[in-house]
Amino acid sequence: MTTQSAPVLALNNIRKTFGGVVAIENFSLDVKAGEIVALVGDNGAGKSTLIKIISGVHAPTSGAIQIDGHEISMSSATKAREHGIEVVYQDLALADQQPVYMNLFLGRELTKGPMGLLDRKSMIEETERLVTELDVRIPSAHATIRDLSGGQRQGIAIARATHWARKLVLLDEPTAALGVAETAKVEKTIAALKSRNIGVLIISHSLDQVFRLSDRICVLRRGNQIGIRETAKTDKNEIVSMITGV
Ligand SMILES: Nc1ncnc2c1ncn2[C@@H]1O[C@H](COP(=O)(O)OP(=O)(O)OP(=O)(O)O)[C@@H](O)[C@H]1O
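- Looking at an unreviewed UniProt entry, the chain carries the name ATP-binding cassette domain-containing protein, with the source organism given as Devosia ureilytica.

Right, here's the structure in full:
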């Protein structure tokens with residue numbers, strides 16, 4: 001059961017231009033606690049731009065963003081994290097030369113003692129607990145990211161986001177590079193966020209995945225919101241025609 005109370009995220013009349021290009025026009029959307037909303041649209045529709053606006057990478061040209069009913073200025077990715085928002089980007093943003101445990105704590109390393117030394121033991125223990133819980137199969141918490149497979153890296157990026165998120169997880173094509181079994185595992189992890197009452201906004205080109213995971217589907221075309229549908233009350237044909245406009 002989920003508590004669908006006040007929206008964790010509310011976007012009101014967001015507009016974003018890059019020079020003369022209007023990437024997002026007049027866009028509004030709520031994501032409630034424990035809800036999974038899928039953002040779909042063709043290439044260039046504006047999906048990634050929207051995720052970057054919510055995660056503080058791009059400032060909107062105009063419009064407002066509210067978290068838990070409070071208007072906030074998402075001026076940087078750090079600020080977004082402070083508000084409990086975590087993102088998994090297509091390029092994963094992992095430090096390739098670093099071990100898994102350092103990646104899970106990147107920028108939020110645990111320290112000990114008056115000198116603030118890295119508490120590697122605790123970070124390794126916490127990493128081992130987390131990867132076991134999420135069934136991310138890696139050789140060890142000490143493994144270097146560059147030595148892992150694409151699926152293992154993806155698992156680490158998602159483990160990091162789900163571990164730190166308090167309000168909202170944003171996922172940009174989280175399973176694009178994965179096989180069937182790995183995709184199923186990632187989808188299970190995403191679905192489990194509902195029980196922690198975390199809101200999820202997911203970009204996916206796979207309508208099968210969108211229908212498996214989401215509560216609602218929001219369609220974007222050329223920066224405009226074409227409509228929002230409850231997943232249980234629509235079908236692929238309707239969503240495809242909303243995406244393509246035919
Ligand atoms: N940094 C930027 N500078 C200039 N234009 C940009 C920038 N980022 C995005 N755009 C433009 O904004 C529009 C939306 O792009 P965006 O990447 O958000 O689309 P998308 O829906 O995520 O596409 P895809 O599915 O191909 O990733 C496009 O016209 C794109 O060229």
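### Details of the overall build of the chain
Right, so step 1: In terms of helices and strands, the chain carries eight helices and twelve strands.
Right, so step 2: Its C-alpha atoms give the chain a radius of gyration of 18 Å, near enough to 18 Å, the size a compact globule of 246 residues would have.
Right, so step 3: Taken along the three principal axes of its C-alpha coordinates, the chain extends 55 × 40 × 40 Å.
Right, so step 4: Across the 246 residues in the chain, those meeting the buried criterion constitute 39%.

### Digging into unusual backbone geometry
Right, so step 1: Here the phi dihedral of asparagine 13 falls at roughly 50°; this positive angle occurs in a residue that is not glycine.
Right, so step 2: Of note, the phi angle at glutamate 173 is positive, near 50°, even though the residue is not glycine.
Right, so step 3: With respect to the element layout, glutamate 173 can be found in the loop between strand E9 (168–172) and helix H6 (180–192).

### Observations concerning the nonpolar core
Right, so step 1: Residues Leu39, Leu168, Val200 and Ile202 are the most contacted members of the largest nonpolar core, which totals 65 residues.
Right, so step 2: Excluding residues within four positions of it along the chain, isoleucine 202 makes contact with Ile36, Ala38, Leu39, Leu171, Pro174, Ile190 and Leu213.

### So, the site of the ligand
Right, so step 1: Taken together, the neighbourhood of the ligand is formed by Phe18, Val21, Ala23, Gly41, Asn43, Gly44, Ala45, Gly46, Lys47, Ser48 and Thr49.
Right, so step 2: The dominant element in the shell around the ligand, judged by the number of residues it contributes, is helix H1 (residues 47–54), at three residues.
Right, so step 3: Partitioned by chemical class, the residues of the shell around the ligand number four nonpolar, six polar and one charged.

### Some thoughts on the pairing of strand E11 (residues 216–221)
Right, so step 1: The sheet contact formed by strand E3 (residues 36–40) and E11 spans four bridges and is parallel. Paired with alanine 38 across the two strands is isoleucine 217, which belongs to E11.
Right, so step 2: Pairing analysis gives six bridges linking E11 to strand E12 (residues 224–230), with the strands arranged antiparallel. Opposite arginine 216, over in E12, you have glutamate 230 as the bridge partner.

### Considerations on the confidence of the model for the chain
Right, so step 1: Taken over all residues, the pLDDT of the chain has a mean of 89, while the share at 70 or more is 97%.
Right, so step 2: Note on the complex model: pTM 0.89, ipTM 0.95.

### Let's talk about the pairing of strand E4 (residues 62–67)
Right, so step 1: Here strand E1 (residues 7–18) pairs with E4 via five bridges, running antiparallel. Its bridge partner lying in E4, asparagine 12 is registered against alanine 64.
Right, so step 2: The sheet contact formed by E4 and strand E5 (residues 70–72) spans three bridges and is antiparallel. The partner of isoleucine 67 across the bridge, within E5, is histidine 70.
Right, so step 3: In sequence, E4 turns back onto E5 through a hairpin of two residues, with aspartate 68 there showing a positive phi of about 50°.

### Description of helix H4 (residues 120–133)
Right, so step 1: Taking 1.5 Å per residue as the helical rise, H4 with its 14 residues ought to reach 20 Å, and the 20 Å between its terminal C-alpha atoms agrees with that figure.
Right, so step 2: Contacts made by the buried residues of H4 are with helix H3 (100–104) and helix H5 (150–164).
Right, so step 3: Residue aspartate 135 follows H4 closely and has a positive phi angle near 60°.

### Side note on the domain arrangement of the chain
Right, so step 1: When its domains are assigned, the chain resolves into domain 1 (7–84 + 165–244) and domain 2 (93–157).
Right, so step 2: Distance between the C-alpha centres of domain 1 and domain 2: 27 Å.
Right, so step 3: Taken together, the contact between domain 1 and domain 2 spans eight residues of the former and five residues of the latter.
Right, so step 4: Residue classes in the side of domain 1 that touches domain 2 are distributed as four nonpolar, two polar and two charged.

### Some thoughts on the packing of H5 against H6
Right, so step 1: Interaxial distance between H5 and H6 falls to 11 Å at its minimum, and their mutual angle equals 0°. The orientation of H5 relative to H6 falls into the category roughly parallel. In this structure, H5 uses Gly151, Gln154, Ile158 and Thr162 to contact H6, whose residues at the interface are Glu182, Val186 and Thr189.

### A closer look at the environment of isoleucine 24
Right, so step 1: Locating isoleucine 24 in the fold gives a position in strand E2 (residues 21–32).
Right, so step 2: Isoleucine 24 sits in the buried class, given 26 other C-beta atoms within 10 Å.
Right, so step 3: Distance in space between the C-alpha atoms of isoleucine 24 and lysine 79 is 22 Å, their sequence separation being 55 residues.
Right, so step 4: Among all residues touching isoleucine 24, those that are not within four sequence positions of it are Ile14, Arg15, Lys16, Gly46, Thr49, Leu50 and Gly223.

How each quantity is defined
- Residues numbered from 1 in each chain as written.
- Predicted model: local features only at pLDDT ≥ 70, side-chain atom pairs only at ≥ 80, totals over all residues.
- Helix = DSSP H or I, 4+ residues; strand = E, 2+ residues; numbered from the N terminus.
- Rg over C-alpha atoms; globule rule 2.2 N^0.38 Å.
- Buried ≥ 20, exposed ≤ 12 C-beta atoms within 10 Å, placed from the backbone.
- Core = buried A, V, L, I, M, F, W, Y, C linked by C-beta atoms within 7 Å.
- Contact = placed C-beta atoms within 7 Å.
- Near = placed C-beta within 6 Å.
- Nonpolar A, V, L, I, M, F, W, Y, C, P; charged D, E, K, R; others polar.
- Pairing = 2+ DSSP bridges.
- pLDDT = per-residue confidence, 0-100.
- Expected span 1.5 Å × (residues − 1).
- Domains from an automatic or database assignment.
- Axes fitted to C-alpha atoms, helices over the stretch in contact; angles between N-to-C directions.
- Parallel < 35°, antiparallel > 145°, perpendicular 65-115°, else oblique.

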